[in-house]
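If you want the building blocks of each chain, they are given just below.
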Amino acid sequence: MTPRWADRLTAREWGLVATAVSLALDQGSKLLLLYGYGFHAMRAGQAIRVLPFFNLVMMWNPGISYSLFPAHSLFGVVLLAVLATIAVAVLGWFLWQTTRRPLALGLGLVVGGALGNLIDRLIYGAVADFFHFHAFGYDWYVFNVADIAITFGVMTLLYDALLRPDAQN
């Protein structure tokens, strides 16, 4: 059961809230870890064990997801920033047009995450990643809150595309 105020929000407003919350959580967590806990002074790859299956690790990702297409020059950083800006603009346009709440939430999460990583790229020349899960000899890549928002945003977009009621025509 949703609160009454939630029913008054349009799909666009839900998407904008998702954008703002994901961007704020991403940038807030990065500022806290980089400057509140001194990760900016750590060397890349240095880890702090938090739980047997979870570490905080300072990593700078010069590329896009999974460090694909690393940008090690000013041209590369600018190119990735321009591509991210175009993606944010296109997804933002779709967000502005949508009337379906799940679609708006998914788009908002992806836009917020993309903006968070874009801000890093513009300020630092790379994206700050910190969270590392591992267990039983397996480990996942190091990621940040923006990556979580993008992942859940894409999952929500898939949900909307595959399971929305009007798709059963």
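Here's what I pulled together on the structure shown here. (Residues numbered from 1 in each chain as written. Predicted model: local features only at pLDDT ≥ 70, side-chain atom pairs only at ≥ 80, totals over all residues. Heavy atoms only, no water.)

What to know about the packing of aromatic side chains
1) Next: Applying the stated criterion across every chain yields a total of 11 aromatic pairs.
2) Next: Ring geometry for Trp93 and Phe94: centres 5.2 Å apart, planes at 75°, overall edge-to-face.
3) Next: Centroid distance Trp140 to Tyr141: 5.1 Å. Interplanar angle 50°. Geometry classified as tilted.
4) Next: Taken together, the ring pairs connect Phe39, Phe53, Phe54, Phe130, Phe131, Phe133, Trp140, Tyr141 and Phe143 into an aromatic cluster.
5) Next: The ring centre of Trp96 lies 3.9 Å from the NZ or CZ of Arg12, which sits over that ring. (Phe/Tyr/Trp six-rings, centres within 6.5 Å; stacked < 30°, edge-to-face > 60°. Lys NZ or Arg CZ within 6 Å of the ring centre and 35° of its normal.)

Observations concerning the sheet that holds strand S1 (residues 47-51)
1) Next: Spatial strand order, S1-S2-S3-S4: 4 strands in an open sheet with antiparallel pairing. Edge positions in the open sheet fall to S1 and strand S4 (138-139), since each of these has one partner strand only.
2) Next: Judged from the 4 bridges that link them, S1 and strand S2 (residues 54-61) form a sheet pairing that is antiparallel. The residue of S2 that forms the bridge with Ile48 is Leu56. (Pairing = 2+ DSSP bridges. Helix = DSSP H or I, 4+ residues; strand = E, 2+ residues; numbered from the N terminus.)

Examining the environment of Ile119
1) Next: Considering the arrangement of structural elements, one finds Ile119 in helix H4 (residues 101-124).
2) Next: Taking the relative accessible area as the measure of exposure, Ile119 reaches 27% and is therefore partly exposed.
3) Next: Separated by 96 residues in sequence, Ile119 and Leu23 place their C-alpha atoms 9.7 Å apart.
4) Next: Ignoring any residue separated from it by four or fewer positions in sequence, one finds Ile119 in contact with Leu23 and Gln27. (Buried < 20%, exposed > 50% of the residue type's maximum accessible area, 1.4 Å probe, protein only. Contact = heavy atoms within 4.5 Å.)

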